[in-house]
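Read off the chains here:
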Amino acid sequence: MELLKEGAIAPAFCLPSIPGQKVCLSEFRGKNVILAFYPADWSSVCGDELAVFNEILPVFKTHNAELLGISVDNTWCHLAFQQSRKFLFQLLSDFEPKGYVARQYGAYDERRGVCSRALFLIDGQGIIRWSYLSPLGVNPGADGILNALELLNANQATKKKEDKAA
Amino acid sequence: MTNETKLRVPISRADHSQGSPDAPLILLEYGDYECSYCGKAYRVIRHLQQTLKNDLRFVFRNFPLASLHPNAMVAAQAAESAGLQGQFWEMHDILYRNQDSLDLDSLTNYATILDLDLTKFLEGMERSEVEEKIRQDIYGGARSGVNGTPNFFVNGSRFDDDWSYESLLSFLNDLRSQPSRKAPKKKAA
């Protein structure tokens with residue numbers, strides 16, 4: 001399945017974050033959500049990708065955006081990874097059924113059995129506003145997301161103005 | 001990403017820079033004091049500076065990845081604070097030569113070695129303008145597509161190729177003789 005594109009409704013999900021706790025996309029209504037699918041905890045490229053995002057987190061917050069990392073690793077693995085790297089955002093476990101959520105977003109690598117390295121920006125109404133699939137082994141950095149967030153906020157500001165005028 | 005390979009934040013007076021402002025070659029690094037690859041890059045850059053002399057200007061911007069390197073942020077603050085007393089590069093050198101010892105005690109020790117005003121140094125590390133400068137470096141880097149450290153820009157274009165001394169020297173030498181040449185793009189790994 002192809003990566004879901006701009007304009008598509010973001011498939012709903014509830015996934016475990018830390019053992020015993022679930023996070024649902026619907027909790028973030030009214031907020032922008034950045035989904036970062038990645039192949040695996042601990043591998044160096046992912047580490048760098050999430051490490052860069054972790055540094056940019058305050059900027060994401062100013063854009064009213066919440067970052068969620070998703071891989072097929074289980075919750076205990078996520079917990080150890082998160083504590084080791086001191087990430088200030090949540091990692092979700094698409095572990096059982098394996099890759100179920102990633103498949104719905106077209107962000108599952110069937111051959112390798114892991115999530116692709118894919119990014120989505122979902123707006124407060126649950127609509128995908130931007131998506132990007134990185135080539136394997138290439139760390140996408142944060143520039144694409146920052147561009148998409150700026151564009152989204154500019155569009156929302158214009159819309160607000162129009163609504164006011166109407 | 002999205003093939004953005006240009007430096008989005010132009011070099012300004014706020015930047016730390018070595019070498020002639022009129023140098024035909026400008027090498028800019030986004031670096032982290034605790035990252036071991038940056039330590040290797042430090043030695044490469046020193047070597048390039050000795051070879052290329054006045055033809056090379058070097059600019060350093062902070063890109064501490066605190067989640068990977070617990071002391072990277074305090075080290076960056078130490079360098080910036082030393083900079084407030086006119087000794088950024090002196091501190092920069094000490095930090096890259098002592099990457100295994102970047103805790104606060106060690107940083108204070110380095111400030112003493114550099115004969116900095118210790119009270120001002122420690123106060124400077126906490127100053128909001130220092131923190132803001134580092135944040136701006138990180139944000140500007142992210143906007144220019146920096147996705148790890150070290151990341152290099154040569155004359156404003158991203159340099160993603162092998163940054164060994166030989167490779168960088170040969171690229172810089174070629175650029176000096178044909179200024180229109182573009183930085184090579186990295187092949188997907």
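Here the structure is a predicted model, which is why all the values come from computation and not from measurement. (Residues numbered from 1 in each chain as written. Chains lettered and ligands numbered in written order. Predicted model: local features only at pLDDT ≥ 70, side-chain atom pairs only at ≥ 80, totals over all residues.)

1. With respect to the interface of chain B and chain A
By a widespread convention, an interface's size corresponds to the accessible area lost as its parts come together. In plain terms, the rule: Residue pairs are scored as contacts if the distance between their C-beta atoms, which are placed from the backbone, is within 7 Å. Each residue gets one label: Ala, Val, Leu, Ile, Met, Phe, Trp, Tyr, Cys and Pro are nonpolar, Asp, Glu, Lys and Arg are charged, and the others, such as Gly, are polar.
Contact residues are listed per partner, giving 17 residues for chain B and 23 residues for chain A. Per-class residue counts for the side of chain B that touches chain A are 10 nonpolar, 5 polar and 2 charged.

2. So, the confidence of the model for chain B
Should the pLDDT be low somewhere, the predicted coordinates at that spot are not to be read in detail. Operational definition: How sure the predictor is of each residue is captured by pLDDT, a score from 0 to 100.
Chain-level statistics for chain B give a pLDDT mean of 93 and a share of 92% at 70 or above. For this predicted complex, the interface confidence comes out at an ipTM of 0.85, alongside a pTM of 0.89.

3. Considerations on the sheet that holds strand 3 (residues 56-62) of chain B
All names here are of chain B. This is how it is decided: Two strands qualify as a pair provided that DSSP identifies no fewer than 2 bridges between them. Put simply, DSSP marks the helices as runs of H or I at least four residues long and the strands as runs of E at least two long, and each gets a number from the N terminus on. Every axis corresponds to a line fitted to the C-alpha atoms, with the helix fit spanning only the stretch in contact, and the corresponding angles, defined between N-to-C directions, vary from 0 to 180 degrees.
Strand order in the open sheet made by the 5 strands is 1-3-2-4-5, with mixed pairing throughout. The open sheet has two edge strands with one neighbour each: strand 1 (16-18) and strand 5 (157-159). Here the strands of the sheet are splayed against their neighbours by 25 degrees on average, with no regard to which way each runs. Summarising the sheet, strand 1 and strand 3 pair through 3 bridges and their orientation is antiparallel. Within the sheet, the bridge partner assigned to Gln18 lies in strand 3 and is Phe58.

4. Here we look at helix 7 (residues 165-177) of chain B
Residue and element names in this part refer to chain B. Threshold: Expected span of a helix: the number of residues minus one, times 1.5 Å. Between the buried cut of 20 or more and the exposed cut of 12 or fewer other C-beta atoms within 10 Å of a residue's own C-beta lies the partly exposed class, and all C-beta atoms are placed from the backbone. Each direction from the helix axis to a C-beta atom contributes to the arc, which is the arc of those directions.
Helix length check: helix 7, at 13 residues, gives a terminal C-alpha distance of 18 Å against a target of 18 Å (1.5 Å per residue), a fit within 8%. Inspection of helix 7 places Leu168, Phe171 and Leu172 among the buried residues, and these make up the whole buried set. End-on, the buried residues of helix 7 take up no more than an arc of 95 degrees, which puts them together on one face. Turned more than 90 degrees from where helix 7 packs its buried face, Glu166, Ser170, Asp174 and Ser177 sit exposed. Residues of helix 7 that are buried in the fold lie against strand 2 (25-31), helix 1 (36-52) and strand 4 (151-154).

5. Details of the pairing of strand 4 of chain B
Residues and elements named next belong to chain B. Going residue by residue along strand 4, you find Asn151 and Phe153 tucked away on one face and Phe152 and Val154 tucked away on the opposite face as well. Sheet analysis places strand 2 next to strand 4, joined by 4 bridges and oriented antiparallel. Directly across from Tyr30, in strand 4, lies its bridge partner Asn151. As judged from the 3 bridges shared by strand 4 and strand 5, these two strands associate in the antiparallel manner. Note on strand 5: the bridge partner recorded for Phe152 is Phe159. The turn joining strand 4 and strand 5, which pair antiparallel and follow one another in sequence, is formed by 2 residues; a positive phi near 45 degrees is taken by Asn155.

6. Re the packing of helix 2 (residues 72-84) of chain B against helix 5 (residues 118-126) of chain B
Residue and element names in this part refer to chain B. What counts, and what does not: Any angle from 65 to 115 degrees is called roughly perpendicular, while one under 35 is roughly parallel, one over 145 is roughly antiparallel, and all others are oblique. In this scheme, a crossing is called left-handed if the near helix is turned counterclockwise away from the far one by less than a right angle; it is called right-handed if the turn is clockwise.
In contact at an axis separation of 8 Å, helix 2 and helix 5 are set at 125 degrees when each is read in the N-to-C sense. Judged by the inter-axis angle, helix 2 sits oblique to helix 5. For helix 2 against helix 5, the interelement crossing comes out right-handed. Contacts between helix 2 and helix 5 involve Gln77, Ala78, Ser81, Ala82 and Leu84 on the former and, on the latter, Phe121, Gly124 and Met125.

7. Here's the deal with the sheet that holds strand 3 (residues 32-37) of chain A
Residue and element names in this part refer to chain A. Pairing is mixed in the open sheet, where 5 strands are placed in the order 5-4-3-8-9. Among the strands making up the open sheet, the edge pair consists of strand 5 (90-93) and strand 9 (128-133). Put simply, the sheet's adjacent strands are angled 20 degrees from each other on average, direction ignored. Taken together, the 5 bridges between strand 8 (residues 118-122) and strand 9 define a ladder with antiparallel strand orientation. By the bridge assignment, Ile122 is partnered in strand 9 with Ile128. Contacts from helix 4 (residues 143-165) reach strand 3, strand 4 (65-71), strand 8 and strand 9, with the element oriented near 15 degrees to strand 8.

8. Comments concerning the pairing of strand 4 of chain A
All names here are of chain A. Definition in use: When the strands point away from the viewer, a crossover counts as right-handed if the route from the first strand across the helix to the second turns clockwise.
Of all 7 residues in strand 4, 6 are buried; the element is thus mostly enclosed. Note: strand 3 against strand 4, 6 bridges, orientation parallel. Considered in strand 4, the bridge of Phe37 is made with Ile70. Since strand 4 and strand 5 lie parallel, the crossover through helix 2 (residues 75-85) that links them has a hand, and here it is right-handed.

9. Some remarks on the nonpolar core
We count it as follows: Remark: nonpolar core denotes a set of buried Ala, Val, Leu, Ile, Met, Phe, Trp, Tyr and Cys residues whose joining runs through C-beta atoms within 7 Å.
Within the largest apolar cluster, 94 residues are counted, with the highest numbers of intra-cluster contacts made by Phe37(A), Ile70(A) and Ala75(B). Leaving out residues up to four positions away in the same chain, Ile70(A) has contacts with Leu15(A), Leu35(A), Ala36(A), Phe37(A), Leu92(A), Asp94(A), Val101(A), Ala102(A) and Cys115(A).

10. What to know about unusual backbone geometry
All names here are of chain A. Between Glu96 and the following residue, Pro97, the backbone shows a cis peptide bond with an omega angle of -10 degrees. Residue Asn64 is not a glycine yet carries a positive backbone phi of 60 degrees. In this fold, Asn64 is placed in the loop between helix 1 (44-62) and strand 4.

11. Side note on the environment of Ile18(A)
Residues and elements named next belong to chain A. Tracing the chain through its elements places Ile18 in the loop between strand 1 (14-16) and strand 2 (22-24). Taking the C-alpha atoms as reference points, Ile18 and Ala80, 62 residues apart in sequence, are found 10.0 Å from one another. Residues within four places of Ile18 in sequence aside, it is in contact with Thr75 and Leu79.

12. Let's talk about the environment of Glu166(B)
Locating Glu166(B) in the fold gives a position in helix 7. Separated by 118 residues in sequence, Glu166(B) and Leu48(B) have C-alpha atoms that sit 9.2 Å apart.

13. Focus: the packing of helix 2 of chain B against helix 6 (residues 128-143) of chain B
Residue and element names in this part refer to chain B. It is at 10 Å that the axes of helix 2 and helix 6 come closest, and there the two elements cross at 120 degrees. Both helix 2 and helix 6 take part in a crossing whose hand is right-handed. On the side of helix 2, the interface is formed by Ala76, Gln77, Glu80 and Ser81, while helix 6 contributes Val130, Lys133 and Ile134. For the contact of helix 2 with helix 6, a count of residues per class yields 3 nonpolar, 2 polar and 2 charged.

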